[in-house]
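One-letter residues, chain by chain:
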Amino acid sequence: MRTRHVVGNWKLNGSLSANEALLKALRPAVPKAAGARFGVCVPYPYLAQVKDLLAGSGVEWGGQDCSRFDKGAYTGEVSGAMLAEFGCTYAIVGHSERRTLFGDTDSVVAEKFAAARRAKLTAILCVGETLEERERGVTEEVLARQLDAVLEQQGAAALEGALLAYEPVWAIGTGRTATAEQAQSVHAFLRGRVARKDGKVAQSLPILYGGSVKAANASELFAGPDVDGGLIGGASLVAEEFVAICQSAVARKG
Ligand code: PEP
């Protein structure tokens, strides 16, 4: 059975006092279950606070991006090794907001993915199509291009120990989710794409769904056999919501 993951993405949200309340609520309530991992990816300045308040809890933490560079004259960047020093176990790369607002191209995302792996982080590679691309019928083409950037640059073995997250851009922060059938169908496509290179890696690769997941729809979305958990934005800022989503991942059969 593949490991399930539910990872919160706080995006550009938080304050020391709001985080403290949220983390203290999460610490005892996030379930502990064999075969499941749960974490939150927070803005960099809060990593020390998160480390302090989550250490030993079983809840993990990570960064929302990872520099493709390891060190040097790259003002504003944060390396994988720096994230690891603050106890991060996860790093998101290729989130659609990085791709569309900050110009992360497929090949830059692939380099960031490699950098996160060099730092022994669980890299979460995000892929997803826009509404316009879905309506034009090019969803699979777009996802294949985003995924192949890593597969071709680094080979399928690079996905060992990493996570893939399918996040349809039209579902992120919009309140509009993919249907469980749409999510399952894309996840099966992505797994198949990896399997063309390496069947074993494909079978063990957790693929998360992200896009307006909430306590109310998590069980249904996670029911698909290729849906191994979720990447959660808005709902990860509300302790009861996030905990309930984690519980849905644990309760999922199969
Ligand atoms: C995200 O930020 O990756 C995300 C999926 O956001 P939301 O859950 O708010 O749609």
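Further up the page is the structure itself.
The residue numbering used here restarts from 1 in each chain and proceeds along that chain's sequence as written. Side-chain atom pairs in this predicted model are given and counted only at pLDDT of 80 or more, local residue features only at pLDDT of at least 70, and totals for whole chains, interfaces and linings cover all residues. Note that water and hydrogens are dropped before the side-chain values are worked out from all heavy atoms of the structure.

Visitor: Just to check I follow, could you spell out the overall build of the protein chain for this structure?
Guide: A tally of regular secondary structure across the protein chain gives 11 helices and 8 strands. Across its three principal axes, the protein chain shows a C-alpha extent of roughly 45 × 45 × 35 Å. Scored against the burial criterion, the 254 residues of the protein chain give a buried share of 55%. For the protein chain, the proportion of contacts with a sequence separation of at least 24, taken over those separated by at least 6, is 73%. Accessible surface is estimated by sampling points in the Shrake-Rupley manner with a 1.4 Å probe; for residues, cover comes only from the protein chains shown. Of the roughly 10,900 Å² of accessible surface on the protein chain, a fraction of 54% belongs to carbon and sulfur atoms. Averaged over its 28 positive side-chain charges, the protein chain has a centre that lies 4 Å from the centre of its 28 negative ones. Strands here mean DSSP runs of E at least two residues long; helices mean DSSP runs of H or I at least four residues long; both are numbered from the N terminus. Between buried and exposed lies partly exposed: a residue is buried under 20% and exposed over 50% of the maximum accessible area for its type, with that area taken using a 1.4 Å probe on protein chains only. We call two residues in contact whenever any of their non-hydrogen atoms come within 4.5 Å of each other. For the charge count, each Lys or Arg is scored as positive and each Asp or Glu as negative, with His and the chain ends excluded. A charged residue contributes its charge at one atom only: NZ of Lys, CZ of Arg, CG of Asp or CD of Glu.

Visitor: What exactly am I supposed to notice about the environment of Asp 148 here?
Guide: Turning to its location among the elements, Asp 148 is positioned in helix H7 (residues 139-154). Placed 59 residues apart in sequence, Asp 148 and Ile 207 show a C-alpha to C-alpha distance of 15 Å. Apart from residues lying up to four places away in sequence, Asp 148 is in contact with Gln 153 and Arg 193. A 3.5 Å cut-off defines polar contacts: any pair of N or O atoms within that distance qualifies, except that in protein one atom must be a possible hydrogen donor and the other a possible acceptor, and neighbouring residues in sequence count only when both atoms are side-chain atoms. Polar contacts involving the side chain of Asp 148 include one to the side chain of Arg 193, which spans 2.5 Å.

Visitor: Sorry, what's going on with the packing of helix H1 (residues 16-29) against helix H11 (residues 239-251) here?
Guide: Between two packed helices, what matters for the description is the angle formed by their axes and the separation of those axes. Relative orientation of the contacting elements H1 and H11 amounts to 25 degrees, with a least axis distance of 9 Å. Between H1 and H11, the angle falls in the class roughly parallel. In the crossing of H1 with H11, the sense of the turn from one axis to the other is right-handed. Along the contact surface, H1 presents Leu 22, Ala 25, Leu 26 and Ala 29, while H11 presents Ala 239, Phe 242 and Val 243. A class-by-class count of the residues in the contact of H1 with H11 yields 7 nonpolar, no polar and no charged. Geometry is summarised by axes, namely lines fitted to C-alpha atoms with helices restricted to the contacting stretch, and by angles between N-to-C directions that run from 0 to 180 degrees. Any angle that falls under 35 degrees is termed roughly parallel, while one over 145 is termed roughly antiparallel, one within 65 to 115 roughly perpendicular, and all others oblique. It is the rotation of the near helix from the far one that decides the hand of a crossing: anticlockwise by less than a right angle makes it left-handed, clockwise makes it right-handed. Each residue gets one of three labels, nonpolar for Ala, Val, Leu, Ile, Met, Phe, Trp, Tyr, Cys and Pro, charged for Asp, Glu, Lys and Arg, and polar for the others, Gly among them.

Visitor: Help me understand unusual backbone geometry in this model?
Guide: Of note in the backbone geometry, Lys 120 takes a positive phi value of approximately 65 degrees without being a glycine. By the secondary structure assignment, Lys 120 is in the loop between helix H5 (106-118) and strand S5 (122-127). Positive phi, close to 55 degrees, is recorded for Ser 212, a residue that is not glycine. Position of Ser 212 relative to the elements: it lies in the loop between strand S7 (207-210) and helix H10 (215-221). Taking the relative accessible area as the measure of exposure, Ser 212 reaches 12% and is therefore buried.

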